[in-house]
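# Summary of the model geometry
Spelled out from the first residue to the last, the chains are:
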Amino acid sequence: MLSRLQELRKEEETLLRVKAALHDQLNRLKVEELALQSMISSREKNVMVSPPGITEETQKTLGQMDNEAAINQTELQLSMQDHEEEEEDESDS
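In this report, we go over the structure that sits alongside the text. (Residues numbered from 1 in each chain as written. Predicted model: local features only at pLDDT ≥ 70, side-chain atom pairs only at ≥ 80, totals over all residues. Heavy atoms only, no water.)

### Thoughts on the overall build of the protein
Put simply, the test is: Think of it this way: any DSSP run of H or I at least four residues long counts as a helix, any run of E at least two long counts as a strand, and we number them from the N terminus. Note on classification: 1.4 Å probe, protein chains only; a residue is buried when its accessible area is under 20% of the maximum for its type, exposed when over 50%, partly exposed between these limits. Here the open area of atoms and residues is found with the Shrake-Rupley method and a 1.4 Å probe, where only the protein chains shown may cover a residue.
Assigned secondary structure in the protein consists of two helices and zero strands. Counting all 93 residues of the protein, 11% fall into the buried class. By element, 54% of the accessible surface of the protein is carried by carbon and sulfur atoms, the whole surface being about 7,900 Å².

### Notes on helix α1 (residues 2-45)
Three- or four-residue spacings in an α-helix give side chains the same orientation, since the helix completes a turn every 3.6 residues. Convention followed: A helix's residues, less one, multiplied by 1.5 Å, set its expected span.
Between the first and last C-alpha of α1 there are 64 Å, a value that for 44 residues agrees with the 64 Å anticipated at 1.5 Å per step. Regarding α1, the residues found buried are Thr-14, Val-18, Gln-25, Glu-32 and Met-39.

### Examining the pattern of salt bridges
Operational definition: Salt bridge, as used here, is a side-chain nitrogen of Lys or Arg placed within 4 Å of a carboxyl oxygen of Asp or Glu.
For the coordinates displayed, the defined rule picks out one salt bridge. Put simply, Glu-7 and Arg-4 hold a salt bridge, and the shortest N to O gap is 3.2 Å. Taken together, the residues span about one helical turn, with Glu-7 and Arg-4 both in helix α1 at a distance of three residues.

### Quick notes on the side chain of Gln-25
Position of Gln-25 relative to the elements: it lies in helix α1. Residue classification places Gln-25 among the buried positions, given a relative accessible area of 7%.

What is shown is where atoms sit, not what they do.
Below, the structure is given as C-alpha cells:
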C-alpha cells in the first residue's frame, strides 16, 4: 500500500512536470503566433513600398522560428521519452 502511494506521488510529480513543460511550450507557440501575425500585418501594410531586403529578412525570421519550434518540440519529446524510460526501469525493480 505504501509503495503504491509512493508510486502515485511520483506519477503526480511527473504529470506536474509534463503540465509545466506543455504550458511553457504553449506560451512559446503563442509568442511565435503573435510575432507571425505582426510580421504578416506589417508586410501587408508595406507591400506597396517594401524594399526587396524585407522579404528575405522575413523569410529568415520565419525559418528561424520554425527551427526553434522544432527544437522545442524535440526537447519536449526527449524529456517525455526519458521519463517513460525511468518509469519502465522503476516498474522492473
